[in-house]
Amino acid sequence: MTKLKTEALRKSFGELEVLKGLDLEVKEGEVVVIIGPSGSGKSTFLRCMNLLEEVSDGRVIVDDFDLTDPKQDINKIRQNVGMVFQQFNLFPHLSVMDNITMAPKQLKDLSGEDARTLAMRLLDSVGMSDKADAYPSSLSGGQKQRVAIARALAMEPDIMLFDEPTSALDPEMVGEVLAVMKKLAEDGMTMVVVTHEMGFAREMADRVIFMDEGNIVEEGRPEQLFGNPQNERTRDFLDKIL
Amino acid sequence: MNTNMKRVTVFGLLLLTAMLFTSTMSPLKGHAEEDTYLIATDVTFAPFEFQNEDGDYVGIDIELLAAIAEDQGFEYELAPMNFSAGLQALEANQVDGMIAAMGITPEREESFDFSNPYFESGPVMAVRDDDEDISSYEDLDGKTLAVKVGTTGAEFAAELAEEYDIEISQFEDSATMYEDVLAGHSDGAIEDYPVMAYAIQQGLDLRFPEEPELGDEYGFAVNLGQNQELLEMFNAGLANVLEDGTYEEIVERYLGDSSEVAPRAGFFGLLQANFGPLMTGLGRTLVLTLVSFAIALVAGTVIGLFSATPSKVLNVIADIYVTILRGIPLIVLAFFMYFTVPQLFGIQITAFTAGIITLSLNTTAYIAEQVRGGLAAVDKGQLEAARSLGLPYGVSMQKVVLPQAVKIMIPSLINQFVITLKDTSILSVIGIVELTQTGRIIIARSYQSGAMWIIVGLMYLVIITLLTKLSNMIERRLIAND
Ligand SMILES: Nc1ncnc2c1ncn2[C@@H]1O[C@H](COP(=O)(O)OP(=O)(O)OP(=O)(O)O)[C@@H](O)[C@H]1O
Ligand SMILES: [Mg+2]
């Protein structure tokens, strides 16, 4: 079943066309990894999927709802699409616990007690239960990102979007975050991941997409795209990073 | 999301308007059925009107008005304000009449109806006792003369200036004018003879090099064509008090040889004697500051949020508001609120209300800018993270962005609070008796400006220092939460 779909998606910043008509279909439980050179439009593409970026043309469809329809209640759909950012974006004025419980308390009418129970379960699953009362400023990068994942999961989304979740981390912390993501994927979460971690892509992706200059240049299973890339630009890119 | 946001912001606008206007203005009162007249008078014009040490208004005008009102059986309330402000208030129908040692001149008769004259006096020039240079008007070449804005004395000075090379300094009250001469800034002052004579009798080191000019007759004024019944009562009452000797008694009390001379107190004596009025003035300064700042904090936050929303319309509204209100000097805004607005809309506003509106509107613009800056300083990833969770724009701002912005803004808000507190002193121009105006009033009766301005300055300094310390403590408490 299709969870998320973009149709002829275009995005321009002023004169600059950043996305040039992208078609993508993500099935339920599928893990799609997007790779590509800097400035190719990966982040913009991802941010269009929950309309953090306004779409210039084309459609974004989540479940059966058209996000680009102006009548659409976008907040309702965003609850179902979690997002994890490169810079974590934890709320610095709130404790780890409050970071996680704030949205469910506001949007799901959870009681404080239920929200705490939910948060403790999520913190446990990302290995952060001992930091529930800490403030973000006292956490390491890896810990912050794990809390950020727990925060996104607190709305119990069906789809998770990751924008270079490990790029801002010291190398020794990359593993702990990838481990959490692997577990999520194994539990059947539908995921779209922009990353430079080719190991993760090889191991976890059902499909890898190579983007360049606002186009999807090539896509396929990881062993196929990494092992036998068809397009010259894909080969060039892979040569440079591998 | 858009319609929701619009609803929120429209609500905000309504609230703002309601707060600033509806609650503070009352419809024009009909004086025909409600026979308490509001009578403007000058604040500091001894011996015609001034405050004694108990804070009561006394003086020839005040007692004459009281005697006439009693004789005629009408009720009135005094509205003391600077002379020129009083003229404007009368023209704007903010008050019903004015008694302020006002000379009856042809120009004034174009705007006002005057009673029969009740006092005769002409302007006179005073110079420093120890000033040997000036013994007649001819010696004024190249000198500076102090006058009071809008007075007959000012007109006389202007005539002198046509003949001689004189520079003219304009002042709002007599005491400041005398001080200017005593301090050596001006070489002479022109003022009505009885007023100056009274001041010299009270111990001011001035003398008259020339005889008083021929005069001017003082009259009670109402706006042209308005309140004629009040004018008639005044004339009838005046005739009665002249006849029964009350008039003479009053004038004798202030200008006769037997009138008592107030002893000149030292610094502490001055402070002690005026402690009550000073504290009342300080209290009013604080109320003005706190109320205006509280309103401005709410309104400024709303307008600051306007400029941070994606809505272009709201951006423009915020921009227009800030541009206009930062572009108008506070004193002009105060005059506009107190004199122009009532004429435009046919409503009556008390000076205190006009003062609070003025200060709130002005402070709102500055706080809005600080809020805008504070919001812009919050990483935009914060709003995105909140929105990505499905939180609506309003909730995201309220729970995530605003709390962080507030922390960034606290130092500049404390600064703004201090500025607002000091700005209250400007509101004295529309007759609000806050701390600065209290100082002026005390100087008007004690003629001790040197010591008084030190006292007033110290009071501002102490209260501002205390409040700043307190705010810093709160700030530290808030930041420790991180
Ligand atoms: N808000 C914006 N305004 C104008 N141009 C933008 C904006 N955001 C992105 N761009 C431009 O769009 C293009 C694509 O940016 P995007 O961030 O999507 O690339 P990316 O593939 O994620 O790159 P990276 O690997 O460096 O993160 C770039 O040229 C960028 O400069
Ligand atoms: Mg990117």
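Because the structure is a prediction, the values reported are computed rather than measured. (Residues numbered from 1 in each chain as written. Chains lettered and ligands numbered in written order. Predicted model: local features only at pLDDT ≥ 70, side-chain atom pairs only at ≥ 80, totals over all residues. Heavy atoms only, no water.)

A. Inspection of the overall build of chain B at higher detail. Looking only at helices and strands, chain B features 18 helices and 16 strands. Projected onto its principal axes, the C-alpha coordinates of chain B cover approximately 85 × 50 × 45 Å. By the burial criterion, 54% of the 482 residues in chain B qualify as buried. For chain B, restricting intrachain contacts to residue pairs at least 6 apart in sequence, the fraction spanning at least 24 positions comes to 76%. In the structure as shown, chain B presents an accessible area of about 21100 Å², 57% of it carried by carbon and sulfur atoms. For chain B, the separation between the mean place of its 24 positive charges and that of its 65 negative charges on side chains is 26 Å. (Helix = DSSP H or I, 4+ residues; strand = E, 2+ residues; numbered from the N terminus. Buried < 20%, exposed > 50% of the residue type's maximum accessible area, 1.4 Å probe, protein only. Contact = heavy atoms within 4.5 Å. Areas by Shrake-Rupley, 256 points an atom, 1.4 Å probe, with all protein chains shown as cover. Lys, Arg positive; Asp, Glu negative; His and termini not counted. Charge placed at Lys NZ, Arg CZ, Asp CG, Glu CD.)

B. Representation of the UniProt feature "domain: ABC transporter" (unreviewed entry) in chain A. Per the UniProt record, "domain: ABC transporter" (unreviewed entry) is annotated on residues 4-238 of chain A. Helix makes up 37% of residues 4-238 of chain A and strand 26%. Its end C-alpha atoms lie 27 Å apart. (UniProt positions renumbered as here; feature names shortened; annotations may be inferred.)

C. Highlighting the environment of D141 of chain B. All names here are of chain B. Within the secondary structure layout, D141 lies in the loop between β9 (123-128) and β10 (143-148). For D141, a relative accessible area of 48% translates into the label partly exposed. Between the alpha carbons of D141 and L413 there is a distance of 51 Å; along the sequence they are 272 residues apart. The residues touching D141, leaving out its near neighbours within four places in the chain, are Y164 and D165.

D. Molecular detail of the UniProt feature "transmembrane region" (unreviewed entry) in chain B. All names here are of chain B. The feature "transmembrane region" (unreviewed entry), as annotated in UniProt, sits at residues 286-308, 320-339, 345-368 and 450-468 in this numbering. Across residues 286-308 one finds 100% helix and 0% strand; the C-alpha atoms that close the span lie 32 Å apart. Segment residues 345-368 splits into 79% helix and 8% strand. End C-alpha atoms: 27 Å apart.

E. Layout of helix α14 (residues 351-377) of chain B. Along its 27 residues, α14 of chain B runs 39 Å from first to last C-alpha, staying within 8% of the 39 Å computed at 1.5 Å per residue. Burial analysis of α14 of chain B places 20 of its 27 residues in the buried class, which makes it a mostly covered element. (Expected span 1.5 Å × (residues − 1).)

F. Just the nonpolar core, in detail. Core analysis: the biggest nonpolar cluster contains 72 residues, and F45 and M49 of chain A have the highest contact counts within it. With 12 residues, the top contributor of residues to this core is helix α16 (residues 393-423) of chain B. Once residues within four sequence positions are removed from consideration, F45 of chain A is found in contact with T6, L9, L19, L22, L24, I34, M211 and I216 of chain A. Formed by 51 residues, the second largest nonpolar core is a distinct cluster that contains L122, A154, F162 and V180 of chain A. (Core = buried A, V, L, I, M, F, W, Y, C linked by side-chain atoms within 4.5 Å.)

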